[in-house]
Amino acid sequence: MIKFLISSISFFLSAAAWSADPAATYPSRPIRIISGSPGSTSDLSARFAAQKFNERWGQPAIVDNRPAAGGIIGLDTAARSAPDGHTLVIGHVGTHATAPSLYKNLPYDPIKDFAPISNLVNVAIALVVHSSVPATNLKDFIAYSQGKSGAVNYGSPGGGTSGDVTGQLFNLVTKAKLHHIPYKGAGPALLGVVSGETQAAFLSTATASPQIRAGKVRAIAVIRKTRFPAMPDVPSAAESGYPELDANAWFGLFAPARTPKAIVAKLSQELVRVMALNENKELLLKQGAEAAANTPEEFAAYVKSEVVKWTRVVKESGAAVN
């Protein structure tokens, strides 16, 4: 009898511990991943993660595109969502690192309102130009833009995005006077330079690579110190003589603050697992991105360091949202 009671108590204690672990039954319903505009790197990252979660757990993972405002609308929505792991969001250098110093009334705190899960992909920012622009390298483009005295427009996915700030940094370093045209997302910004509405654009390699391969736009340089693996034939800004032009971009997965750590860890572990597979690395490289999964702790530390870095860049470049 005593042995039976002890066994029963042990069983119930084990069952209680299992039910108290929120990750044990997660996900219990469809997962929503909020991202930016269709065709953007944010969208690519969200769809990649959604597919892998669906394959792993059998629950539908739905991408909820929230274009405009450089991703801020989507981040605000996610910050207000229930912290149960069923609403996630793609954050990036624009939403988390540059927005705090560009917007006086940002509707969320990029550090306090989110639980970092994992970085997903890193991309380079490519300077792409319309076919009519008489420049095939960075030095020629700078000379061309300086000679036009502000008549050369560059598009970006929106005010405060990495494309916008990269353009501001470009003007600061090169003394060019490119005029910023903000679009409502990366897809529209790409169409703007393809059509010739703008002469140039600063876009992620993941967004721009299909049109570069198709010959619809010309890649002048990647704005970083070294060449980017997904575009090995495109020179870096540093090797073109401008090492100060360094604006890598990252895209990662976040949950609302107070999401149980066990759920955050479960999501991160799955992303680290799938991103380590060569087939996934190669797939992302073909799409212009580099796999970059890590632990929640590593990602949180990286995000904080990016806030420090880009706050300085925004201040020195005089970047402003217009």
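Remember, predicted model here, so these are calculated numbers, not experimental data.

Quick notes on the rules
Residues numbered from 1 in each chain as written. Predicted model: local features only at pLDDT ≥ 70, side-chain atom pairs only at ≥ 80, totals over all residues. Heavy atoms only, no water. Salt bridge = Lys/Arg side-chain N within 4 Å of Asp/Glu carboxyl O. Helix = DSSP H or I, 4+ residues; strand = E, 2+ residues; numbered from the N terminus. Buried < 20%, exposed > 50% of the residue type's maximum accessible area, 1.4 Å probe, protein only. Axes fitted to C-alpha atoms, helices over the stretch in contact; angles between N-to-C directions. Parallel < 35°, antiparallel > 145°, perpendicular 65-115°, else oblique. Left-handed = near helix turned anticlockwise from the far one by under 90°. Contact = heavy atoms within 4.5 Å. Pairing = 2+ DSSP bridges. Right-handed = clockwise from strand over helix to strand, strands pointing away. Nonpolar A, V, L, I, M, F, W, Y, C, P; charged D, E, K, R; others polar.

*Asks:* I'd like to hear about the pattern of salt bridges, residue by residue, with values.
*Replies:* This model, assessed by the stated rule, comprises 9 salt bridges. A salt bridge links Glu239 to Arg227; the shortest N-O distance between them is 2.8 Å. Of this pair, Glu239 sits in the loop between strand 9 (218-222) and strand 10 (249-256) while Arg227 is found in the loop between strand 9 and strand 10, placing the two residues 12 residues apart along the sequence. Residue classification places Arg227 among the partly exposed positions, given a relative accessible area of 38%.

*Asks:* Go over the packing of helix 2 (residues 41-57) against helix 10 (residues 278-286) with me, naming the residues and quoting the values.
*Replies:* Where helix 2 contacts helix 10, the axes come no closer than 12 Å and their chain directions differ by 155°. Between helix 2 and helix 10, the angle is such that the two are roughly antiparallel. Note on packing geometry: the crossing formed by helix 2 with helix 10 is right-handed. On helix 10, the residues touching Leu44, Phe48 and Lys52 of helix 2 are Asn280, Leu283 and Leu284.

*Asks:* Which residues make up helix 4 (residues 93-102), and what are the values?
*Replies:* Residues lying three or four places apart along an α-helix face the same way, a consequence of the helix completing one turn every 3.6 residues. With 8 of 10 residues buried, helix 4 lies mostly within the body of the structure. Of the positions making up helix 4, those classed as buried are Val93, Gly94, Thr95, His96, Ala97, Thr98, Ala99 and Leu102.

*Asks:* So, the pairing of strand 1 (residues 31-35): which residues are in play, and what are the values?
*Replies:* Counting buried residues in strand 1 gives 4 out of 5 residues, a clear majority hidden from the surface. Pairing of strand 1 with strand 2 (residues 61-65), which is carried by 5 bridges, proceeds in the parallel orientation. The partner of Ile31 across the bridge, within strand 2, is Ala61. Regarding topology, helix 2 serves as the crossover connection from strand 1 to the parallel strand 2, and that connection is right-handed. Direction of pairing for strand 1 relative to strand 3 (residues 87-92): parallel, over a ladder of 3 bridges. Considered in strand 3, the bridge of Arg32 is made with Thr87.

*Asks:* Which residues make up the packing of helix 2 against helix 9 (residues 261-275), and what values do they have?
*Replies:* Their axes nearest at 11 Å, the elements helix 2 and helix 9 cross at an angle of 105°. Here helix 2 lies roughly perpendicular to helix 9, going by the angle between them. Packed against helix 2, whose contacting residues are Phe48, Ala49, Lys52, Phe53, Arg56 and Trp57, the element helix 9 presents Lys266, Leu267, Glu270, Leu271, Arg273, Val274 and Met275 at the interface. Tallied by class, residues from the contact of helix 2 with helix 9 come to 8 nonpolar, no polar and 5 charged.

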